[in-house]
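Remarks on the overall topology
Each chain is listed here by its residues.
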Amino acid sequence: MTKEPLLDHETSSPQPSFPSHLTKYLYSGHFLARWGARMWDFSVALYMINIWPDSLLLAAIYGVVENASTALFGPIIGKWVDRLSYVKVLRLWLVTQNFSFIVAGGTVLGLLAYPDLKATSVEAFVLLVLVTNVSGAVGVLSTLAGAILIEREWVVVMSEGQDPTLLTQMNSVIRRIDLICKLFAPVVRGTLKANGSLKASAMTLAVLSTISVWLEYWFFMSVYQGIPALAERNRQRTRKPFPAELTESLSVPDDYHPANAENSQKRSLGEKIANLPLVSAWRVYFEQEVVLPGIALALLYFTVLSFGSLMTATLEWEGIPAFVIGIARGISATIGVAATLVYPVLHSHISTLRTGLWSSWSQWTFLLLCVGSIWVQNSMIAAYMLIGGVAASRLGLWMFDLAIVQQMQDKVHESDRCVVGGAQSSLQSTLYMMAYGMGIIISNPQDFWKLILLSFLSATLSASLYTLHVYRVRKHLIHFEKLVLLGSWLIVRSPNTYQSQNV
């Protein structure tokens, strides 16, 4: 009885039972939050290189601090989001993120206003750089908390009891917003720099953060207050019992006796370590059914085959004009946005599991162009093959990302969803740092082919792990019986075709 309406509207956009403007409010708040984060991500590299023009040291240190904070504290952030109420997480996220950007903008403004500070007062220079790095790291962690809350929790709760395609659509729009911000934030930031000084742009960024936090809070609170399912889930979360390890440490056993104290002190060190929040979070992650897909997705962060700093520097060394690299980055981002449009269509014809399989090997296939460029003698042709392979592979990459996120939403129990989301982000940041470490070890642009091969091997391992997961779940990869039927049909049909042609 419930299938007929779904079939009737299969080709149209799913309509939720709650007012449609609340979905738009969610998207608007997410856009403002991601726009601020992307603006800062792009701006901080420009600030650092202008503060110390002759060195990449400050930019490198900031990148290491930012990714290390996510790698180390990601699982703990997930546990924190899981334990607090929605409203508390929302307030802490928005206030902390925007306040950290304001503080970082202020310290950067001071560093730019006094360019000789590192020569006249080393202590003050180091202090301002330290505050900038710490503020940026806090901002990244608060952004992670917001991403877990919205992408891993609210979207799932809002789609429960709705058209099954609503979750797919919301995931696609959320990812599309992020990619659009990633594409256009550098353009807007570059325009601000072209029409004013870096100091003015830093001040503008701080002012915009101050204003946007109120709009973001209003949008998200309107969604929370307008959707009863969110309030009901929040009540369930706040009634959760204390974690087992904390309860055990606070309670006194009924059979307590001084003689038993010695036994309690003899607990193994391994048991104590296992009950630490960070370790228990990873234990929860590795117990999940979707741990292989999660690792497969994280492996794709161990790569230089993206338009990041390493590949961009290599292309410039090869003599590719800066404007060509910029156009290629734009095309790559546009293909990524297109992936968020293709994913719901592909998902409606095959399952989430198979969508991930096809998209994973689709990315791998296009990356073969990058590998092939290694053996091309003409450096310009090789560079353009590299660019083309990376740009085209974004279609499979972002569809694979969406497929993994949706599997985690569907397969991870609601009590573990935030913890798993934090651990996943931590694992991705760790492999991302390892990719930069790989670039430090192999730093000669002439040896970039080695980085290409290592990145391709990582993508191959990713696709293989996910294929193994699909086989474990479905017990097969290809419907051989359908291939046999197709072959039989072609054999039977071919004589009839030949006879009809003769007639």
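Heads up: these notes are all about the structure in this document. No experiment lies behind these values; they were computed from the predicted model shown. (Residues numbered from 1 in each chain as written. Predicted model: local features only at pLDDT ≥ 70, side-chain atom pairs only at ≥ 80, totals over all residues. Heavy atoms only, no water.)

Of the regular secondary structure elements, the protein holds 21 helices and 0 strands. Buried positions account for 46% of the 503 residues belonging to the protein. For the protein, restricting intrachain contacts to residue pairs at least 6 apart in sequence, the fraction spanning at least 24 positions comes to 84%. On the protein, roughly 25600 Å² of surface is accessible, and the fraction owed to carbon and sulfur atoms is 67%. (Helix = DSSP H or I, 4+ residues; strand = E, 2+ residues; numbered from the N terminus. Buried < 20%, exposed > 50% of the residue type's maximum accessible area, 1.4 Å probe, protein only. Contact = heavy atoms within 4.5 Å. Areas by Shrake-Rupley, 256 points an atom, 1.4 Å probe, with all protein chains shown as cover.)

Attention shifts here to the packing of helix α6 (residues 122-159) against helix α19 (residues 417-441). Interaxial distance between α6 and α19 falls to 10 Å at its minimum, and their mutual angle equals 135°. Taken as axis vectors, α6 and α19 run oblique relative to one another. Where α6 crosses over α19, the handedness of that crossing is right-handed. The segment α6 lies against α19, with Leu144, Ile148, Arg152, Glu153 and Val156 engaging Arg417, Cys418, Gly421, Gly422, Gln424 and Ser425. For the contact of α6 with α19, the per-class residue count stands at 4 nonpolar, 4 polar and 3 charged. (Axes fitted to C-alpha atoms, helices over the stretch in contact; angles between N-to-C directions. Parallel < 35°, antiparallel > 145°, perpendicular 65-115°, else oblique. Left-handed = near helix turned anticlockwise from the far one by under 90°. Nonpolar A, V, L, I, M, F, W, Y, C, P; charged D, E, K, R; others polar.)

Okay, the side chain of Thr143 next. Within the secondary structure, Thr143 sits in helix α6. Owing to a relative accessible area of 13%, Thr143 belongs among the buried residues under this scheme. Polar side-chain contacts of Thr143 include one of 2.8 Å to the backbone oxygen of Gly139. (Polar contact = N/O pair within 3.5 Å; in protein donor to acceptor, adjacent residues only side chain to side chain.)

Put simply, helix α14 (residues 291-299) and helix α18 (residues 379-411) touch, their axes get as near as 10 Å, and they point 150° apart. Judged on the interaxial angle alone, α18 and α14 are roughly antiparallel. In the packing of α14 onto α18, the handedness of the crossing is left-handed. Between α14, through Pro293, Gly294, Ala296 and Leu297, and α18, the contact on the second element is made entirely by Phe400, Asp401, Ile404, Gln407 and Met408.

Further remarks concern the packing of aromatic side chains. What the rule picks out here adds up to 15 aromatic pairs. Ring geometry for Tyr25 versus Trp218: centroids 5.2 Å apart, planes at 55°, classification tilted. With Tyr25 in helix α2 (residues 20-51) and Trp218 in helix α8 (residues 198-226), this pair connects stretches of sequence that are 193 residues apart. Relative accessible area serves as the criterion here: at 46%, Trp218 is assigned to the partly exposed category. When the centroid spacing of 5.3 Å and the interplanar angle of 85° are considered together, the rings of Tyr285 and Phe286 count as edge-to-face. For Tyr285, a relative accessible area of 1% translates into the label buried. An aromatic cluster is built from Tyr86, Trp93, Trp154, Phe220 and Tyr224, whose rings are joined through pairwise contacts. (Phe/Tyr/Trp six-rings, centres within 6.5 Å; stacked < 30°, edge-to-face > 60°.)

Most often, soluble globular proteins have nonpolar side chains that are buried together. Ranked by size, the top nonpolar core spans 60 residues in total, and within it Tyr285, Phe307, Leu315, Leu386 and Tyr466 carry the most contacts. Among the secondary structure elements, those contributing two or more residues to this core are α13 (277-286), α14, α15 (309-317), α16 (322-349), α17 (352-372), α18, α19 and α20 (448-474). If we ignore the near neighbours within four places in the chain, the residues touching Leu386 are Leu305, Met311, Leu315, Cys370, Ser373, Phe448 and Ile452. Of all hydrophobic cores here, the second largest spans 39 residues; its members include Leu141, Ile148, Leu167 and Met221. (Core = buried A, V, L, I, M, F, W, Y, C linked by side-chain atoms within 4.5 Å.)

Residues Leu127, Leu130, Val134 and Val138 make up a contiguous nonpolar surface patch of about 340 Å² in total accessible area. Structurally, Val138 can be placed in helix α6. Here Val138 falls in the partly exposed class, since its relative accessible area comes to 34%. (Patch = residues over 30% accessible without salt bridge, like charges linked within 9 Å, V, L, I, M, F, W, Y side chains within 5 Å. Salt bridge = Lys/Arg side-chain N within 4 Å of Asp/Glu carboxyl O.)

Bringing the environment of Leu431 into the picture now. By secondary structure assignment, the location of Leu431 is in helix α19. Not counting the four nearest positions on each side in its chain, Leu431 is found in contact with Ala298, Leu299, Tyr301 and Phe302.

We now examine the pattern of salt bridges. Taken as a whole and judged by the stated rule, the model has 9 salt bridges. The salt bridge partner of Arg235 is Glu232, with a shortest N-O separation of 2.7 Å. Linking Arg235 with Glu232, this pair stays in helix α9 (residues 228-238), spanning 3 residues, or about one helical turn. Look at Arg235 and you get partly exposed, because its relative accessible area is 42%. If you follow the salt bridges from partner to partner, you end up with Arg34, Arg38, Glu151, Arg175, Asp178 and Asp401 in one network.

This part takes up the side chain of Ser222. For Ser222, the position within the fold is in helix α8. A distance of 2.7 Å separates the side chain of Ser222 from the backbone oxygen of Trp218, its partner in a polar contact. Not counting residues within four places of it along the chain, the set of residues in contact with Ser222 comprises Leu22 and Tyr25.

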